[in-house]
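Survey of secondary and tertiary structure
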Amino acid sequence: MSDGALRAGEGMEARAVDLSVRIGDVVFKKPVMVASGTFGYGKEYAEFFDLGLLGAVMVKGVSLEPWPGNPLPRIVETPSGMLNAIGLQNPGVEAFIRDYLPFLREFDVRVIVNVIGKSVDEYVAVVRRLDEAGGADAYELNISCPNIKEGGIAFGVDPRLAAEVVGAVRRATARPVIPKLSPNVTDIKAMARACEDAGADAVSAVNTFLGMAIDVDAEKPVLANGVGGLSGPAIRPLAVRMVWDVYEAVQIPIIGMGGIAGLRDALEFVLAGATAFAIGTANFVAPALSTEIARDLAGVVQKKGLGRFADLVGRAHPGRRARAEA
Amino acid sequence: MGGGAMPEQLRLQVLEHRMVAPGHFELVLPLERGMREAAPGQFVNIACRAEGALDPLLRRPFSVYWVEGDAFAVLYRVVGRGTRLLSQVKAGDFVDVVGPLGRGFDIEPFAQASKRGERLVLAGGGVGVPPLYFLSQRLSEEGIPFTVAVGFAGRDQIVAVDRWRARGVEPAISTVDGSAGRRGLVTDLLEEAFAAAAHDGRVAGVFACGPVRMLAAVARIAAERGVPSQVAMEEWMGCGLGVCLSCVTKVRGEGGSLEWARVCREGPVFDGAKVVWSA
């Protein structure tokens, strides 16, 4: 790109910046997404903006049968963040296909369906049903919930089990498969590699951090579930570090997430190695933040003298930078 | 049902902010955009932190207290860090508001109450009283008769009563400690309101807002007399938009099945007969 493109206010440069990214065979017009569990199935946010301003909507987790969720309290605020233990309440895949998916398809936006299950078979069954119905562009696998068949071991903390579920879903669908990595592991690189080897097209990094808050007056945990998942700006440095590590471990794209509350936060994830990023808890607080980030992204790419957003990915890694400039 | 305007995120300049009782504040904001169509029982979600700050992260929900001319107000009690920070905001400062949110009171079924010699009873407890004042403004505009019964912990906790009196409405008052009005609970006043039907008009409906145990009692008393009730509920909210599923409450759905309803979306106002009261 010529130097002229660096100057601000010339009107036509925004068109010159290519924001598209690719995961598997699917092209996303922008790398800006909204994280599962913070955006429902899109209806509520469509009151604030055109969902087509985003690259993708990652919908709230969908299971084979309806899940009731946990007792209350399900949420508690913590410093610059919050703990939640909603318990993946959702109406099940049939209701999702019938009541929510057609609405999402009215918008020019990719739909990534977050899939949850209590066994490998359940993940596969949900994906098969969605493939049959059509309308999902990719599947994000939430592998952070307890595996009942395996006696309570979570898919998300055992590389062998993660590979098993990713492999089974891989064999069931031609659409991109994106496991969502749990940060509650000793070695996230091993988890990412296991997913890549099992045929994942990308990984989402990261889900919430296991946490707890105690009611000092009542002398018991605040959440009815005891523990919950920590999200919000409080976790951003932890999440950025994990994206950095995953980038060094695998070749597949990373969708980075964890506490993004502005464009510069998102860029940290991109420079650490994320091909795309998702705004999560901040959607609760600033409903249209994701569209503001999407609006301003091209300008940043341009200011850096780049023609493609994809050229920014991983640039904070010394090796990556040398490769790019060679 | 109450409220059809699309919610928006608004940056509003504080017109007035004053303490109206110990620990209780009235925040007056300009009435802009969709807030002009706010219905009684709907709420706004306010960021209780400095602009650009990330803590405390989550917004706090406040029901609309009154709408007059080009202004609206919320009334709140300082209970924690968020409301304490909000209480420090001064006239001229900007606050970040999302609204109007939720579903408010439905007064349409009572449009003919006056002709039928009927009235509504508004029953409020503590900081649950303000949305009932807004409701009474709308009822007056619509010519729907009502009486007001409000309960507080004690005399220095009384709010909104002055505004009613200025409009010629004399609320029945109870206090737990007996320092003002009748000693006891607002539910005692509600029983009396039913008893006074002979001269004040038959009670066609009860509209309530207050602590959950009060709402459960109000719904029971109304049901015993075969009168519909609408109750404005409160619950810890994450988003206030209907997506995080933190503020759900159990309700009886079609055919009697139990299901979760979102207080921020299907509520905060519910049919008192449909709520499953655990208190």
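Residues numbered from 1 in each chain as written. Chains lettered and ligands numbered in written order. Predicted model: local features only at pLDDT ≥ 70, side-chain atom pairs only at ≥ 80, totals over all residues.

1. Regarding the overall build of chain A
Helix and strand counts for chain A stand at 10 helices and 16 strands. The C-alpha atoms of chain A give a radius of gyration of 19 Å, which matches the 20 Å a tight globule of 326 residues would have. Going through the 326 residues of chain A one by one, you find that 53% of them count as buried. (Helix = DSSP H or I, 4+ residues; strand = E, 2+ residues; numbered from the N terminus. Rg over C-alpha atoms; globule rule 2.2 N^0.38 Å. Buried ≥ 20, exposed ≤ 12 C-beta atoms within 10 Å, placed from the backbone.)

2. Comments concerning the domain arrangement of chain B
All names here are of chain B. Considered domain by domain, chain B is made up of domain 1 (8-101), domain 2 (112-232) and domain 3 (235-279). Computed over C-alpha atoms, the centres of domain 2 and domain 3 are 23 Å apart. In this assembly, 11 residues from domain 2 lie in contact with 9 residues from domain 3. Mapped by element, the contributors of at least two residues to the side of domain 2 that touches domain 3 are α6 (212-224) and β13 (229-232). (Domains from an automatic or database assignment. Contact = placed C-beta atoms within 7 Å.)

3. Here we look at the pairing of strand β7 (residues 94-101) of chain B
All names here are of chain B. Judged from the 6 bridges that link them, strand β1 (residues 8-13) and β7 form a sheet pairing that is antiparallel. Each residue of the ladder has a partner; that of Gln9, found in β7, is Val98. Across 3 bridges, the pairing between strand β4 (residues 43-46) and β7 is antiparallel. The residue of β7 that forms the bridge with Asn45 is Val98. (Pairing = 2+ DSSP bridges.)

4. A word on the sheet that holds strand β15 (residues 254-257) of chain A
The strands making up a sheet associate through hydrogen bonds between their backbones, and the pairing can be parallel or antiparallel. Residues and elements named next belong to chain A. Spatially, β3-β4-β7-β8-β9-β10-β15-β16 is the arrangement adopted by the 8 strands of the closed barrel, whose pairing is parallel. Along the sheet, successive strands turn relative to each other by an average axial angle of 25°, direction set aside. On top of the sheet, helix α4 (residues 159-172) reaches β8 (138-142) and β9 (177-181); it is set at about 160° to β9, its chief contact. Of the strands in this sheet, β9 and β10 (203-205) are in contact with helix α5 (residues 188-197), which crosses β9 at around 165°. (Axes fitted to C-alpha atoms, helices over the stretch in contact; angles between N-to-C directions.)

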